[in-house]
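Observations on the model geometry
Read off the chains here:
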Amino acid sequence: MILKIKRLTTQIFSTLLANLGNIGIKTGFCYPFFYCHACPAAIAGCPLGTIERGVYRGNFRWRLILYPLMIIGFIGIIYGRAVCGWMCPIGLLQRATGGVARKLRHQYAFIKKIGQHKIEKHLRYTKYLLLTGLVVGTTAILGFMFTDICPIGFLTGSVPILILSPGKFTENIFFYPAMIISILFIILILTVERGWCRYLCPVGAMLAPFNRISVFHIFVDKSRCIGCQRCSDVCPMGIDVPNMERDPECILCGKCIEACPYNVIEFKRN
């Protein structure tokens, strides 16, 4: 319970901090998580949007490319993918929808089968394809693509601007595609717990490899584990916790630690 409260506190604080633009604060910083700089209250830049500007149509501006990568890399080496579980505002949103997704999973067999299907683990590679394909590849060749259809940008940028300044908002050709994708995003996180983090988040794809080498990680004492699977049952990322070895999908939320009745799971620092 203590971990749960701590995590909620840091998530709320991080979300409030990311939206200090409401009181006129703006920075040249780049978020270490997924959040749209187009949000009227945003104080920093989206790491993906910054990278896109750095590779736009092959005109490589290395400062814009390296800056967010250095921020992600620095945090990733220390905390791995913990940013997803402890700081990201979109993670906080999925925390709010997670209860609905978990309830639906227990009530409807076909939804439960989605998470257990053998193809599910392969779908998790989609986020890497989005990162290399839409964020980098397509932008370098054709121009902005991911930014124009990003559901997070639509929900935190387009919608607030439309509400706050309806007369000044100008729709472009990507408005309705982005709206449809945003609706699908909402459906996804309501039916699959942490569905965005699991399958589609490019920032998660950037942070995930650091789980292999990060200073902080989740450790399972397999010599004492009895395989009750209570930890796996509560894992929002659908990980087989007793058998994981620094799994790239782990967001270090600590729910498995709280669920373990034998205290064989812990945060560990190398």
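Attention here is on the structure that accompanies the text. Note that the structure is a prediction, hence the values are computed from the model and not measured.

Helix and strand counts for the protein come out as 15 helices and two strands. On C-alpha atoms alone, the protein measures out to a radius of gyration of 19 Å, which is about the 18 Å that the 2.2 N^0.38 rule sets for 270 residues. Principal-axis analysis of the C-alpha atoms places the extent of the protein at approximately 60 × 40 × 40 Å. Classification of the 270 residues of the protein by burial places 47% in the buried group. In the protein, of all internal contacts separated by at least 6 residues, the share reaching a separation of at least 24 is 71%. Here the protein has roughly 14100 Å² of accessible surface; of this, 68% comes from carbon and sulfur atoms.

With glycine set apart, most residues show a phi of negative sign, and most peptide bonds adopt trans. In the Ramachandran plot, Arg 246 falls in the positive-phi region, its phi being about 50° despite a non-glycine side chain. Mapped onto the elements of the fold, Arg 246 is located in the loop between α14 (230–234) and α15 (255–259). The residue Asn 263 is not glycine, and still its phi comes out positive at about 55°. Here Asn 263 shows up in the loop between α15 and β2 (265–269). Accessibility expressed as a relative area gives 60% for Asn 263, which makes it exposed.

A few words on the packing of helix α5 (residues 89–107) against helix α11 (residues 175–191). Here α5 crosses α11 at 60°, and the two axes come no closer than 6 Å. Of the possible angle classes, the one that applies to α5 and α11 is oblique. Contacts between α5 and α11 involve Ile 90, Leu 93, Gln 94, Thr 97, Val 100, Ala 101 and Leu 104 from the first element and Phe 185, Ile 189, Leu 190 and Thr 191 from the second. Partitioning the contact of α5 with α11 into residue classes produces eight nonpolar, three polar and no charged.

On the surface, Phe 60, Trp 62, Leu 66, Leu 69 and Met 70 cluster together to form a nonpolar patch covering roughly 550 Å² of accessible area. Looking at the element boundaries, Leu 69 is found in helix α3 (residues 62–79).

Let us look at α11. Here α11 contains 17 residues, and its C-alpha end-to-end distance of 25 Å stays within 8% of the 24 Å for a straight helix at 1.5 Å per residue. Within the sequence span of α11, burial applies to Phe 175, Ala 178, Ser 182, Phe 185, Leu 188 and Ile 189. All buried residues of α11 lie within an arc of 135° about the axis, which places them on one face of the element. Pointing more than 90 degrees away from the buried face of α11 are the exposed residues Ile 180 and Leu 184. Tucked inside the fold, the buried residues of α11 contact α5, α9 (146–149), α10 (151–164) and α12 (195–199).

On inspection of all chains with the given rule, the structure shows eight salt bridges. With a closest N to O distance of 3.7 Å, Arg 81 and Glu 249 form a salt bridge. Taken together, the residues span a long stretch of sequence, with Arg 81 in the loop between α3 and α4 (82–86) and Glu 249 in the loop between α14 and α15 at a distance of 168 residues. Exposure class is identical for Arg 81 and Glu 249. Each is buried. Its salt-bridge partner being Arg 224, residue Asp 221 comes within 3.6 Å of it at the nearest N-O pair. Relative accessible area serves as the criterion here: at 44%, Arg 224 is assigned to the partly exposed category. Three or more residues joined by partner-sharing salt bridges are found here, namely Arg 81, Glu 120, Arg 124, Lys 127, Arg 198 and Glu 249.

Rules used in this analysis
Residues numbered from 1 in each chain as written. Predicted model: local features only at pLDDT ≥ 70, side-chain atom pairs only at ≥ 80, totals over all residues. Heavy atoms only, no water. Helix = DSSP H or I, 4+ residues; strand = E, 2+ residues; numbered from the N terminus. Rg over C-alpha atoms; globule rule 2.2 N^0.38 Å. Buried < 20%, exposed > 50% of the residue type's maximum accessible area, 1.4 Å probe, protein only. Contact = heavy atoms within 4.5 Å. Areas by Shrake-Rupley, 256 points an atom, 1.4 Å probe, with all protein chains shown as cover. Axes fitted to C-alpha atoms, helices over the stretch in contact; angles between N-to-C directions. Parallel < 35°, antiparallel > 145°, perpendicular 65-115°, else oblique. Nonpolar A, V, L, I, M, F, W, Y, C, P; charged D, E, K, R; others polar. Patch = residues over 30% accessible without salt bridge, like charges linked within 9 Å, V, L, I, M, F, W, Y side chains within 5 Å. Salt bridge = Lys/Arg side-chain N within 4 Å of Asp/Glu carboxyl O. Expected span 1.5 Å × (residues − 1). Arc of directions from axis to C-beta.

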